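# Close look at the chain arrangement
Residue strings, one per chain:
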Amino acid sequence: IFVLKHVRLIEHSLPIQVLYAYIAPKEQTERFKIIEQNRDNFTETIVYYKESSNRLVNQLLQMYSFWKGFRSIKKKQGLPSVIHNHVVFPSGFFALFISRLYQIPLLITEHWTGYSDDDGRYSKLSAIHRYIIQSAFKKAKAVSVISVFLKNILIEKELCDEKKIAVTPNVLSAP
């Protein structure tokens, strides 16, 4: 809902295309299914993929789903002028890849509090996952976070330079 609220704030200013990849409902028979829907002034492309019993395979399926959705968007609308990734782990991996592949500026809005020592999820990620997260933050032209608390954590963990980070609170009152 927070991503939707952020999109609604800018949808009248810019053409917006939102891409999601989700595990398919049990009744879906296709390995991948792409759904496109227009929502007010933006378009959503949702790619549903059949879940595997293997966690690594699921991560690969999710990345491939993002790729399928991106190809569909690119075919219809061309390359985006900017990539705005919400929540670096795990979708930021794909955003970083596309940003580097096509030299498209990357913006990040981070909502995830898993970076805090109290939470501990970031520290439990593999070294490869942490490296990709660090690379995404490094590549980003700008980063917004939902709180000063999260800003301080990202700076403390040396994930983001203080010069390119701004606090943008979650927008609960937007329509």
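Quick note: structure is the one above.
The structure presented is a predicted model; accordingly, all values stated were derived computationally and were not measured.

## A short note on the packing of helix 2 (residues 55-77) against helix 3 (residues 91-102)
- Contact geometry of helix 2 with helix 3 gives a least axis separation of 10 Å together with a crossing angle of 45°. The angle between the axes of helix 2 and helix 3 places the two elements in the oblique class. Taken as a pair, helix 2 and helix 3 cross one another with a handedness that is right-handed. For the pair helix 2 and helix 3, contact is made by Met63, Phe66, Trp67, Phe70 and Lys74 and by Ser91, Phe93, Phe94, Phe97, Ile98, Leu101 and Tyr102, respectively.

## Topic: the layout of surface pockets
- Here the largest pocket is characterised by a volume of approximately 1,300 Å³.
- Contributing to the lining of the largest pocket are 43 residues, with Gln17, Val18, Leu19, His84 and Asn85 lying nearest its centre.
- Broken down by secondary-structure element, the contributors of at least two residues to the lining of the largest pocket are helix 1 (2-10), strand 1 (16-23), helix 2, strand 4 (83-86), helix 3, strand 5 (106-110) and strand 6 (142-145).
- Take the lining of the largest pocket: its biggest share by element is 7 residues, from strand 1.
- Quantified by volume, the second largest pocket comes out at close to 160 Å³.
- Every residue along the wall of the second largest pocket is listed here: Leu56, Gln59, Leu60, Gln62, Met63, Pro90, Phe93, Ser126, Ile128, His129 and Ile132.

Reading the values: the criteria
- Residues numbered from 1 in each chain as written.
- Predicted model: local features only at pLDDT ≥ 70, side-chain atom pairs only at ≥ 80, totals over all residues.
- Heavy atoms only, no water.
- Axes fitted to C-alpha atoms, helices over the stretch in contact; angles between N-to-C directions.
- Helix = DSSP H or I, 4+ residues; strand = E, 2+ residues; numbered from the N terminus.
- Parallel < 35°, antiparallel > 145°, perpendicular 65-115°, else oblique.
- Left-handed = near helix turned anticlockwise from the far one by under 90°.
- Contact = heavy atoms within 4.5 Å.
- 1 Å grid on protein atoms, 1.4 Å probe; cavity = no way out; pocket = protein on both sides within 12 Å on 5 of 7 lines; lining within 4 Å.
- Points joined across faces, edges and corners; volume = space filled by probe spheres on them.

Coordinates in, geometry out; function isn't part of it.
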